[in-house]
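# Descriptive structure summary
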Amino acid sequence: MNTTTLAIVAVILIIVAGAAGYFAGKGATQTVTTTVTTTQTVTQTAAGAGGTVTVTQTVTQQAEQAMLIGMSWDQIVQKAKEEGEVNWYGYGAEWDRLFYQKLAQEFEKEYGIKVNYVHGDWFSTIEKLKADKQAGKEVGEVDVAFVWSVPFKEAMDQGLVWDFPVVLVLPNAKKLIDPSLMLYNDMVPVAGKFVPFVWWQVVFIYNKKYVDENNLPNFDTLLDWAKANPGKFTYSDPNKGGSGHTFLISVIYWLYGYDKFAFKPFSEERADKIFNSPGKNGMSLWEYLNELEKYMYQPGNYPAGNAAAMELFAREEVWLEPQWLDVLAEWIKEGRVNPDEVGTYDPDPGIAVGGFDGMFIPWNAPNKFAAMVLINYLISEEVQYKLVTERGGIYPVVQGVWEKVPDEIKQKWKMLPIEELEEKFLQRHAEYMFYAMKKWTDEVARK
Amino acid sequence: MPAVALKGRLTIVLFLMPITLFYALVWLYPLILVFLQSFGVPTLSGKPEVEGYPTTEFYREFASSPRYLTALWFSFWNSLVAVLVSILVGYLLALVLFLYDFRGKRFISVLYKLPLFVPYLVAAFMWWVLLVPKGYVYEFLKALGVIGQGAQLVNDPLGIGIIVANTWMHIPFVALVSLGSLKLVDPSLVEAARVLGADMRRVLRHIYIPLTLPGILASLQLIFLSMFGGFSVAYILGASFPTYMSVTIYEDVVQRYLWSIGSVQAVIYLISALVITYTYSKISRKGLRRI
């Protein structure tokens, strides 16, 4: 009896505490929303001391932003040095961490600004900022968030991004490889608030021992090639590896034409309508992929990620597959694949470029000037050159770097000429790509 | 109710308050957030995913989508198979180690515990490398004629790779628990049976197995839950379809930021785990009474 009562009391307490906690959190969110409205219409917020404080803060913020545009770069650097430190949240594999930490040290030496590099993943960075927003934390811990287009879109939607087009003030941003990157990344509108840092690229890799170099298949002839070489082509499960979903969107562009998607609005109805309509060769997207599957490696079995697909290639189980150049570079570095036997090419009409993973500054970054200086440093010719030569398998995001890279390095990492990729420059449409990935499970994997 | 007793109870409640609040904060609070999110209340997503919440829209989406229903069913039967195999192998191993003395027994008893020290992710990759074509185990089985040309042992729709890795990971748990219960069996019972002329098979059937069954069944339940909700093994070794529900949750939440449908799956995961545990304890208790 005694214990039962106790248990009931405990459960009630727990529920009350949970609910209290939730509503406390919710209260905070509401305050944030109200402060945001007050910032927009300054005159309406005369009530309450708290309101007044926010108003003054915003006024300073807005004045700061107006001032920023007028500031010279030297002044910004000066301000950054006064801030003295910058927190950079990055992600990637272990070799990425080591590389970014090295960059951080070199930045410190050059500018005397301390970099606190935090290695995590883009998902937790966004979640952290979201938690700050909900708690109404106006001075956070993240100055530079390294993410890719889809998490950035989430950050924009949630209002986590500093409302200032940083590309306008960064001197090195003027040299971006393609001006459209200032406004779009994977066709996600970025309004100058997201600065690309690396250019990853998917290409077709093939085994020179088995594949005739003079007769490499393009998208038009891929199916015929697979029929002639059954079981020797594969691509990563699009939901588990970027080489898979970049291939998927490239197939879509080839079948239906790039113009149908380039900077076009997205809706599920439109996507369904297009993906089920006959494309270039008379087949719909799903018919084509299912037909291709019949002649692929272990039909119905898709490697779970880029590494798995690469491993199958290294074991000569497959002879041809779409793969990231940087994954190939890593395999070459580790001696897990014979570089003399691997060839790379970009099948016509081309595999989509990117992603262009990059940086944004959160709205509550404590050291915004230092953040801008760091981002500017990361897209400098000097750092981009290091990315291409040391990290391997990456293209620079600014002009004037590629020409300086020695030929033997380009050959070592099996890089294709940048001019060829720039000429095609098919950008991924993140929303169509993601929708296709989701449908792929039902339409291809299940069937 | 006497006043003294009430006062005593109140004291206990007050004493228990800190720990209760701690539990509430650490375990129940996140669960409540997930539960609310599954009805579209933006507790995790930051901003609402639908207009007009709370709504059962996401539960309906779950019930009408073959993707989620198949994932739930697949997680269930695939884990069950892995559990049964682990129990069988683990129990036999424990019996051998318990009943027989042989050279190298110490070595074996260290060896079989090794998986306990291997992280799930590492085990998953290890089995992927072994079971993929040109992997040692794959080629060995092919040479033996167990599998034919083009057989799929990883990323296959039956989840063979998942079963193998999960079994390998959990055999030590079963063996340790079984060994513990075997050691608790009163040796005088066995001696009595032997004196009365029972052979080893009868001793096993009538003494060891019935007396150790509760322990084994308890371990079965625990490892089932850990496999059912496990992620890394299912992610690395699983097919594109069907997958474990942990994988569909990951895809929905981490890749697509669909918090509500992800939370629905989490809630359903939790409920099915509770239902399975409850039914299971009922059945096993009934079964035990009969023995």
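Refer to the preceding data block for the structure.
First, a word on scope: everything that follows refers to the structure included in this document. Given the structure is predicted, the values throughout are model-derived calculations rather than measurements.

To continue, consider the packing of helix 7 (residues 160–184) of chain B against helix 9 (residues 200–228) of chain B. Residues and elements named next belong to chain B. Taken N-terminus to C-terminus, the directions of helix 7 and helix 9 make an angle of 150°; their axes are 9 Å apart at the nearest point. In this view, helix 7 runs roughly antiparallel relative to helix 9, as classed from their interaxial angle. Handedness of the helix 7/helix 9 crossing: right-handed. On helix 9, the residues touching Asn166, His170, Phe173, Val174, Val177, Ser178, Ser181 and Leu182 of helix 7 are Tyr208, Thr212, Gly215, Ile216, Ser219, Ile223, Ser226 and Met227. Across the contact of helix 7 with helix 9, the residue classes tally to eight nonpolar, eight polar and no charged.

Looking now at the packing of helix 5 (residues 120–131) of chain B against helix 7 of chain B. Any two packed helices are characterised by the angle at which their axes cross and by the distance between the axes. Residues and elements named next belong to chain B. Axis separation between helix 5 and helix 7 bottoms out at 10 Å; the angle between their running directions is 130°. Classed by the angle they form, the pair helix 5 and helix 7 counts as oblique. Judged by the twist between their axes, the crossing of helix 5 over helix 7 is right-handed. Residues Tyr120, Ala123, Met126, Trp127 and Leu131 of helix 5 lie in contact with helix 7, whose contacting residues are Gly161, Val164, Ala165, Trp168, Met169 and His170. The residue inventory of the contact of helix 5 with helix 7, partitioned by class, reads nine nonpolar, two polar and no charged.

Residue and element names in this part refer to chain A. In space, the five strands of this open sheet follow the order 2-1-3-10-6, with mixed pairing throughout. Of all strands in the sheet, those with a lone pairing partner are strand 2 (114–120) and strand 6 (195–196), marking the two edges. Where strand 6 and strand 10 (residues 358–360) come together, two bridges link them in antiparallel fashion. Each residue of the ladder has a partner; that of Pro196, found in strand 10, is Gly358. Running over the sheet, helix 4 (residues 94–111) touches strand 1 (85–91), strand 2 and strand 3 (144–147) and is turned about 170° from strand 2. Seen against the sheet, helix 5 (residues 122–135) touches strand 1, strand 3 and strand 10 and runs at an angle of roughly 135° to strand 3.

With the rule as written, the count across this model stands at 63 aromatic pairs over all chains. Their ring planes at 50° and their centres at 6.0 Å tell us that Phe204(A) and Phe219(A) sit as a pair that is tilted. Remark: Phe219(A) occurs in the loop between strand 7 (202–207) and helix 7 (222–228) and Phe204(A) occurs in strand 7; sequence separation between them is 15 residues. Phe219(A) shares its class with Phe204(A); the two are buried. When the ring centre of Trp363(A) is taken as reference, the NZ or CZ atom of Lys133(A) above it lies at 4.6 Å. One cation-aromatic arrangement involves Lys240(A) over Tyr235(B); the distance from NZ or CZ to the ring centre is 5.1 Å.

Now for the pattern of salt bridges. Residues and elements named next belong to chain A. Inspection of every chain in the model, using the stated rule, returns 33 salt bridges over all chains. Note that Glu381 and Lys404 form a salt bridge whose closest N and O atoms lie 2.6 Å from each other. One end of the pair, Glu381, is in helix 14 (residues 381–391); the other, Lys404, is in the loop between helix 14 and helix 15 (407–412), and 23 residues separate them in sequence. The partly exposed category is assigned to Glu381, whose relative accessible area is 27%. Measuring nitrogen to oxygen at the nearest pair gives 3.5 Å for the salt bridge that ties Lys424 to Glu420. You can see Lys424 and its partner Glu420 sitting in helix 16 (residues 418–424), four residues apart, about one turn around the helix.

Calculation notes
Residues numbered from 1 in each chain as written. Chains lettered and ligands numbered in written order. Predicted model: local features only at pLDDT ≥ 70, side-chain atom pairs only at ≥ 80, totals over all residues. Heavy atoms only, no water. Axes fitted to C-alpha atoms, helices over the stretch in contact; angles between N-to-C directions. Helix = DSSP H or I, 4+ residues; strand = E, 2+ residues; numbered from the N terminus. Parallel < 35°, antiparallel > 145°, perpendicular 65-115°, else oblique. Left-handed = near helix turned anticlockwise from the far one by under 90°. Contact = heavy atoms within 4.5 Å. Nonpolar A, V, L, I, M, F, W, Y, C, P; charged D, E, K, R; others polar. Pairing = 2+ DSSP bridges. Phe/Tyr/Trp six-rings, centres within 6.5 Å; stacked < 30°, edge-to-face > 60°. Buried < 20%, exposed > 50% of the residue type's maximum accessible area, 1.4 Å probe, protein only. Lys NZ or Arg CZ within 6 Å of the ring centre and 35° of its normal. Salt bridge = Lys/Arg side-chain N within 4 Å of Asp/Glu carboxyl O.

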